[in-house]
Amino acid sequence: MNNKLYGNLIFELSHEGRRGYALPHNTFGDYKLPQELCRKQDASLPECDEMTVVRHYTNHSQNNFGVNSGFYPLGSCTMKYNPVINEEMAALPEFQNLHPLQPTETTIGAQAVCSLLCRSLKELTGLHAFTLKPYAGAHGELTGLMVIKGYHESRDDKKRTKVIVPDSAHGTNPASAAICGMEVVEVKSLADGTVDVEDLRRILNEEGENIAAMMMTNPNTLGLFEKNIPEIAKLVHACGALMYYDGANLNPMLGAARPGDMGFDVMHINLHKTFSTPHGGGGPGAGPVGVREGLEPFFPQVSPYHGNFAVIMRAFAYILTLGKEHIKEVGPLATLNANYIKESLKDVYELPIEGLCKHEFVFDGLKDKSTGVTTMDIAKRLLDYGYHAPTIYFPLLFHESMMIEPTENESKETIDGFIEVMRKIAQEAKEEPELVKSAPHNTPIGRVDDVLAAKQPVLTYRSMKNAG
Amino acid sequence: MYKYFPHTDEDIRQMLERCGMKTMDDLYTEIPDSIRFKKDYDLPSEKSEMEVRRFFEQLGKQNKPLTCFGGAGVYDHYTPAIVPNLVQRSEFLTSYTPYQAEISQGTLHYIFEYQSMMAELTGMDISNASMYDGSTATAEAVLMAKANAKKANRVLISETIDPKVLEVVKTYAHFQNIQIDMIPATNGATDKEALTQKLSQGDVAGVVVQQPNYYGIIEDFTGIADACHEQKALFIINSIAADLALLKTPGEWGADIAVGDVQSLGIPMSYGGPYAGYMCCTEKLMRKVPGRIVGMTQDNRGQRAFVLTLQAREQHIRRQKATSNICSNESLMALWVTIYMAVMGKKGIKEAAQLSYNGAHYLYEQLLQTGHFTIAFEGQPFFNEFCVRYDGNVDALQKKLTDNGIMGGVKVDDHTIMFAVTEKRTKEEIEQLISLI
């Protein structure tokens, strides 16, 4: 790490007897716990003074890369700017100190934020009702599929246990279907990357009465708009199934098209993507689910209270800030940035599918494959130049997938800098392939051994110590 | 141009030109006209930062933060100042799942620390990187039990579990066709005889209990683990994380899976979220755990490093065969409780738990002394929350307390209230509450 001391784990900085806290003195008298119900040994947590803890986590943060550190073109994750004002609003004590079971007359402001966000989401998606309970995108998918299953069950249509998912779909789609007790039927993609309507027709003809829903992302994971969507929705509806919209790629649709108008019945939104709430190293996010009229009675109980309320606060602050004037600029600018990168690099990187993309696109590695330099190598080399890597090896349709999503917040200079570096790496791959293959060189640590981690799992400090 | 959009007109012109386009509309030519959205959104107009601030401050005035004597799964514990300050560091806040280990050691380090601390706290072998919350973690544990069982499809759940957690578990179970069978309660605690009897009927994949239970009672789980294991059922304990500083651990009770919410470790109540769930288990179940896990490894320079591991369980590899559909964890909240546990340390978490315990027992005595309250569950030990029967109208009492700025517990039924006390409550606040009765 950067510095040996601060590369330590907090446990390694612990000294018996040190403390970083001070609590009020006990004024209540001594009450004893029944010993037979107490733990025998204290939990071996660290013992550190306050400043040691502050330095330790400050240093951890400095070994991290965020949107605020630099360009983060991680495809499908929509790493847009997380406005600071939203953080302050979410931390207002009048909201942050509310117990979720407080009498409703004492939480009017908080309830208003929830209903105003629902109202905005309805308008932006063209759907009828939203639940804010799901905690994340995958949780939203699961919730949405539960709505769909609940709907079919209510009509005593219990044969519908299958969900059609394109082969290019996010891994969470089939996984959510399985957790919801449904089976997955894969529909093929055409050479142009969009859903093969003929294959869909075949599936619907063969087993239409077993199909509960079709799940789609639009634009899809290749960043391509599924232009046959009106026809697809018509076919799926004609067989009695519902259309599910995976909102992971909603961003480029702001100002362009609404899932409700495309024919979708149920959808989730990743507030941490399209509505700018921070990704937080992997959460908390929020995955509100919207439905067409008549489906709202089927919202299931997937969380106890009001969802991730502080995330809801941030998303609404974002919508308020942009207003109707600027929210419609989000999609077009994100789309412009993506197309500009694609057009600027397609002479050196393999663009498997030509044409217009939306907020993201996929390269299939370098055009010149003779150097042996892989997408993994390019990703690692990008780290050396101060960029986060794109999403790599997804979607699974290509061997060397590299999915690039710049978002609307990046300036032309930032993007030009990235393009220049991508071209430079392509050049290096030709002239000094070893330099790229052994990257990264400028990061606190080098390439990690994934196999070792999985083969001999060391998952806690205790087992690390025991292993010596 | 806008404050979040850096594009000048000239930038846009040049960028469109590179793409062989003339206008921004050219970016959407493939979208059928019938579904293009051409109107203005029916939303408010843009707001300056000052206006946004004023808007939320005005709305905030319509909330009434109360001195909190409520719990029922969410507790008003104190957050040391350094916790939010460090969590807000933007290198943590604005990063994502640590896919690129070389520039994500900060996140990977703290998740490893989190896993280590949670394993210590629960007395279990391993922990995952966190879940959405305690209710979904419990539901995922039930799914694990079902997946672990060869044929058994029934899960026994104690009636003393938080009803809101139960509802979420039932939702998940319904869609997996898992049969939920409730274990009755006697005097506010799990009826162990009934539990043993139900277990002996066979077809049990798992047993779920809560500690302290929904009514605040510290239950005695002696013998349950053995009874479960005889039937090859997994023993799952949902515990309130902070209370494990003092209580016998799920590991000591012989649990296979320990789950719950970490909110009690200094996370603000925030009207219900975000919190995070924890999931810890025995080493035997390591490859069946849902969610992210971080492990130790080495880099190509021979340095110690941390990395996401055991990913063969996960949705992006296994798709419909994954152990769960969960994609990310609740990382920033895991960081929150990691820093909390680091600064409170071995002694601090015990002291906070003991203060909460003391305060609750003091309030309990004071309430009984008013003559209006009686014990709800005779002889049952409780932690920092307890049920009492009130001789008057519960709604009217709670209304009066609310009017005076106090959240007067959580109503259990028309005669019973549940009060919770944390280390944040002072003697003066308790005296004020008593004076209003």
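Anything mentioned here points back to the structure above.
Residues numbered from 1 in each chain as written. Chains lettered and ligands numbered in written order. Predicted model: local features only at pLDDT ≥ 70, side-chain atom pairs only at ≥ 80, totals over all residues.

Draft legend 1. Just the overall build of chain B, in detail. Along its length, chain B carries 14 helices and 17 strands. Dimensions of chain B, computed from the C-alpha atoms along their principal axes, are close to 80 × 55 × 50 Å. In chain B, which comprises 437 residues, the proportion classed as buried is 60%. A fraction of 72% describes how many contacts in chain B between residues 6 or more apart in sequence connect residues 24 or more apart. (Helix = DSSP H or I, 4+ residues; strand = E, 2+ residues; numbered from the N terminus. Buried ≥ 20, exposed ≤ 12 C-beta atoms within 10 Å, placed from the backbone. Contact = placed C-beta atoms within 7 Å.)

Draft legend 2. Inspection of the pairing of strand E5 (residues 242-247) of chain A at higher detail. All names here are of chain A. For E5, the buried fraction is high: six of the six residues fall into the buried class. Strand direction decides the pairing type here: strand E4 (residues 211-216) and E5, joined by four bridges, are parallel. Paired with Met215 across the strands is Tyr244, a residue of E5. Each parallel crossover has a hand, and the one from E4 via helix H8 (residues 229-238) to E5 is right-handed. Pairing of E5 with strand E6 (residues 266-269), which is carried by four bridges, proceeds in the parallel orientation. Counted as the bridge partner of Tyr245 is Met267 from E6. (Pairing = 2+ DSSP bridges. Right-handed = clockwise from strand over helix to strand, strands pointing away.)

Draft legend 3. How the structure looks around the nonpolar core. In this structure, A:Tyr244 and B:Ile339 are the most contacted members of the largest nonpolar core, which totals 294 residues. It is helix H12 (residues 331-369) of chain B that contributes the most residues to this core, 21 residues altogether. Apart from residues no more than four positions distant in its own chain, A:Tyr244 is found in contact with A:Gly144, A:Leu145, A:Ile148, A:Ala213, A:Met214, A:Met215, A:Phe264, A:Val266 and A:Met267. (Core = buried A, V, L, I, M, F, W, Y, C linked by C-beta atoms within 7 Å.)

Draft legend 4. Structural detail: the sheet that holds strand E8 (residues 361-364) of chain A. Residue and element names in this part refer to chain A. As summarised here, the arrangement of the three strands in space is E8-E10-E9, forming an open sheet in which the pairing is antiparallel. Two strands in the sheet have a free side with no partner beyond their single neighbour: E8 and strand E9 (391-392). In this sheet, strand E10 (residues 401-404) lies alongside E9 in antiparallel orientation, the contact comprising two bridges. What sits directly across from Thr391, in E10, is Met403.

Draft legend 5. Main features of the sheet that holds strand E7 (residues 204-211) of chain B. All names here are of chain B. The sheet built from seven strands is open, its strands ordered E2-E10-E9-E8-E7-E3-E4 with mixed pairing. The open sheet has two edge strands, strand E2 (126-127) and strand E4 (179-183), and neither has a second partner. Against the sheet, helix H6 (residues 134-148) touches strand E3 (154-158), E7, strand E8 (234-239), strand E9 (257-261) and strand E10 (277-281), its axis set at about 160 degrees to E9. (Axes fitted to C-alpha atoms, helices over the stretch in contact; angles between N-to-C directions.)

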